[in-house]
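Per-entry structural report
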Amino acid sequence: MSTDFLTDISKTLEEIKADGLYKRERMITSPQGGEIRVGDAAVINLCANNYLGLADHPDLIAAARGVMDDKGFGMASVRFICGTQDIHRELEQRLAKFLGKDDAILFAACFDANGGLFEPLLGPEDAIISDSLNHASIIDGIRLCKAKRYRYLNSDMNDLEAWLKQAREDGARHIMIATDGVFSMDGYLAKLPEIRALADKYDAIVMVDDCHATGFMGATGAGTPEHFGVDVDIVTGTLGKALGGAIGGYIAGPQPVIDLLRQRARPYLFSNSLPPSIVAAGLEAIRLVEKGNGLRAQLFENAKYWRAGLEKLGFDLLPGEHPIIPVMLGEAQLAQDMASRLFDEGVYVSGFFFPVVPRGQARIRTQMNAALTRDELDRALAAFGKVGKELGILS
C-alpha cells in the first residue's frame, strides 16, 4: 500500500487524538446488564440501549439456544434465494401486529432498513423533508435516493411547513417527512401530532425511525406514535435496543410498501437473512413486552429517580421524559475525562462529542434501564457527585 496514503491516515488519527475526539473501546467480559464486568472490574452500566434489561434475560437466551437444534445456526443466503424460514415471516407478522401495521420486513440492522427504505419508494419527481437531527442512517438512506432533499430545523414546525410549501411549489409528486421518533443524543421526542397534522394538510407521508422507543414508549410499548396517539405511515426500528439488544432491523407499513421493498430494497436483497437464534429471541422479546408493563414501569421509575438525583447534585441536564438523560459538559476533553474518572469509581458511561454531537455540546449521555437496582443508582449518583466536584463541574 502507498506509504503516502498511510502517512496521511496516521496524521488524521493523530489530529483526532490531539482534539480529544478519539474513541476507545472497553472490552466487556460478562453479559450485558445493569452491572457488567470490564476486564476484572465490576461496573454499573449507564450507557447501553438495554432499556428493558432483556439483553441477558434467561427466556431470550433459552429461545435463542433452543431454536438452533430445529432451525440451525445460520442461513448462508439472502431471503429471496433460500434464506427465508417460517420463523422469519412469523417475526415480521408479529412486529406488524404489535405496531399496528399491515406487514413488516426484516433487515440485518435498522441502519440497513433506513438505508434501503427511500430509494425504492421515491424518485426524482418526489421530495423528502428530513429533520436536521435525524440519525446518520436516515441521512445516508436519503443520499442514496434521487428524490429532492429538504431539511428542516429540529422539531421546528414552522420551518417544516415552509419546506412542505416549497416542495409543493416545486411540483413534487409525493412528499415524505422523515424523522426520528426520539432524538437519541438529547432524549427529545419528535412532535408527531404536529407533524401528522402538517402531513395531512400537505398530503405528505410520515416516516418515523423509532429505534429508541419501540418496546417501552406508549401504553403497550408500541413506540412514539402510540405514546402520542397518532398514526404514522411507515415505522422503522430495531431488535438491538429494548427488544433484546442483539441485532436486526425492520420496516413496518402498508402492504404495497412492504411488498415493493421486498422486490427492490438493496440491503434486503443482498444481505444474509437474520440467523434463527436472533429471530427466535426477537419473538420472545415481543412476547415479554406484550405480557405486561412491569418492565416499562420500572424503567420510567428508574429514569425519574436518576434525573431527580442528578438535578439535586447540580448537574446541567437536558429536559425530557425519555430514559435518555444527557449530562451537559460542553468540551470533548472534559466529557472524556469525566467518563474515565467515573469508570475508576465503578460507573461505566461514555462521553459524546463531535462529530456525534455539535462542537461545544459534549456530554455524558446516561441511559436508564429496568435492570438497574436502587442501590446501583445510589452508588452511581455518589460517584457522579464525587467526580463532578473533582473536575470542577460542581461547586
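Presented here is a report on the structure given in the accompanying data block. Position numbers for residues count from 1 along each chain, tracking the sequence in the order it is written. Selection of residues for local features in this predicted model requires a pLDDT of at least 70, selection of side-chain atom pairs for listing and counting requires 80 or more, and totals for whole chains, interfaces and linings are taken over all residues. Side-chain measures were taken over the full set of non-hydrogen atoms in the model, leaving aside hydrogen atoms and water.

**Section: the sheet that holds strand S15 (residues 362–367)**
Taken together, three strands build an open sheet; the order of strands is S12-S15-S14 and the sheet is antiparallel. With one partner strand each, in any of the chains shown, strand S12 (324–330) and strand S14 (351–352) form the two edges of the open sheet. For two strands to pair, DSSP has to find at least two bridges joining them. Here a helix means four or more residues in a row that DSSP labels H or I, a strand means two or more in a row labelled E, and each is numbered from the N terminus. By the bridge criterion, six bridges tie S12 to S15 in an arrangement that is antiparallel. Considered in S15, the bridge of Val 327 is made with Ile 364.

**Brief notes about helix H7 (residues 157–169)**
One fewer than the residue count of a helix, multiplied by 1.5 Å, yields its expected span. Counted at 1.5 Å a residue, the expected span for H7 with its 13 residues is 18 Å, and the 18 Å between its end C-alpha atoms agrees. For H7, every residue scored as buried is listed here: Met 157, Asp 159, Leu 160, Glu 161, Leu 164 and Ala 167. The opening residue of H7, the one whose side-chain oxygen lies 3.1 Å from the backbone nitrogen of Asn 158, is Asp 156. Gly 171 occupies a position one or two residues after H7 and carries a positive phi of about 85°. Each residue gets one of three labels from its accessible area relative to the maximum for its type: buried under 20%, exposed over 50%, partly exposed in between, using a 1.4 Å probe on protein chains only. In protein, a polar contact means a hydrogen-donor-capable atom and an acceptor-capable atom, both N or O and within 3.5 Å, with residues adjacent in sequence counting only if both atoms are side-chain atoms; elsewhere, any N or O pair within 3.5 Å suffices.

**A word on the environment of Asp 259**
On the secondary structure map, Asp 259 appears in helix H10 (residues 255–264). Residues Asp 259 and Val 289 lie 30 residues apart in sequence; the distance between their C-alpha atoms is 27 Å.

**Some points on the packing of helix H14 (residues 332–344) against helix H15 (residues 374–390)**
Axes here mean lines fitted to C-alpha atoms, for a helix over just the part in contact, with angles spanning 0 to 180 degrees between N-to-C directions. For the pair H14 and H15, interaxial distance at closest approach is 10 Å and the crossing angle is 135°. The angle between H14 and H15 falls in the class oblique. In the crossing of H14 with H15, the sense of the turn from one axis to the other is right-handed. Contacts between H14 and H15 involve Met 338, Arg 341 and Leu 342 on the former and, on the latter, Ala 383, Phe 384, Lys 386, Val 387 and Glu 390. Here the nonpolar group is Ala, Val, Leu, Ile, Met, Phe, Trp, Tyr, Cys and Pro; Asp, Glu, Lys and Arg are the charged ones; every other residue, Gly included, is treated as polar. Each residue belonging to the contact of H14 with H15 can be placed in one class, and the counts come to five nonpolar, no polar and three charged. Put simply, angles under 35 degrees are roughly parallel, angles over 145 are roughly antiparallel, angles from 65 to 115 are roughly perpendicular, and the rest are oblique. If you view the pair so one helix is near and one far, a crossing is left-handed when the near helix is turned anticlockwise from the far one by less than a right angle, and right-handed when it is turned clockwise. Working rule for contacts: check all heavy atoms of both residues, and any pair within 4.5 Å makes them a contact.

**With respect to the sheet that holds strand S11 (residues 249–253)**
In space, the seven strands of this open sheet follow the order S3-S11-S10-S9-S6-S4-S5, with mixed pairing throughout. Each end of this open sheet is capped by a strand with a single partner; those strands are strand S3 (103–107) and strand S5 (148–152). Averaged over all adjacent pairs, the angle separating strand axes in this sheet is 20°, with direction ignored. Looking at chain direction, strand S4 (residues 127–131) and strand S6 (residues 175–180) are connected through four bridges and run parallel. The residue bridging Ile 128 from the neighbouring strand is Met 176, located in S6. In the packing of helix H4 (residues 86–99) onto the sheet, the strands contacted are S3 and S11, and the crossing angle to S3 comes to about 125°. The sheet strands contacting H10 are S3, strand S10 (234–238) and S11, and the helix crosses S3 at an angle near 30°.

**Let's talk about the packing of helix H5 (residues 110–121) against H10**
Two elements in contact, H5 and H10, have axes whose closest approach is 10 Å; the angle formed by their N-to-C orientations is 100°. Classified by the angle between their axes, H5 and H10 sit roughly perpendicular to one another. Only Val 257, Leu 260, Leu 261 and Arg 264 of H10 make contact with H5, whose side of the interface consists of Gly 116, Leu 117, Glu 119, Pro 120 and Leu 121. Class assignment of the residues belonging to the contact of H5 with H10 gives a composition of six nonpolar, one polar and two charged.

**Focus: the packing of aromatic side chains**
In this scheme Phe, Tyr and Trp rings, the latter by its six-membered ring, pair at centre separations within 6.5 Å, and the angle between planes marks the pair as stacked below 30 degrees, edge-to-face above 60, and tilted otherwise. Scanning the model with the defined rule gives seven aromatic pairs in all. For the pair Tyr 51 and Phe 216, a centre-to-centre distance of 4.4 Å together with 35° between the ring planes defines the contact as tilted. With Tyr 51 in the loop between strand S2 (41–45) and helix H2 (58–71) and Phe 216 in the loop between strand S9 (205–209) and helix H9 (224–228), the pair connects residues that are 165 residues apart, well separated along the chain. Judged by relative accessible area, which is 0%, Tyr 51 ranks as buried. The exposure class of Phe 216 is buried, given its relative accessible area of 1%. Pairing Trp 306 with Phe 384 gives two aromatic rings, centres 5.3 Å apart and planes at 85°, and the pair type is edge-to-face. Of this pair, Trp 306 sits in helix H13 (residues 294–313) while Phe 384 sits in helix H15, placing them 78 residues apart in sequence. Under the relative-accessibility criterion, Trp 306 is labelled buried at 0%. Take Phe 384: its relative accessible area is 0%, and that puts it in the buried class. Over a ring means this: the NZ of a Lys or the CZ of an Arg is within 6 Å of the ring centre and within 35 degrees of the ring normal. Residue placement shows Arg 26 over the ring face of Phe 343; its charged tip is 4.0 Å from the ring centre. The ring of Phe 354 has Arg 359 lying over it, and the distance from NZ or CZ to the ring centre is 3.9 Å.

Purely geometric numbers; function is a separate question.
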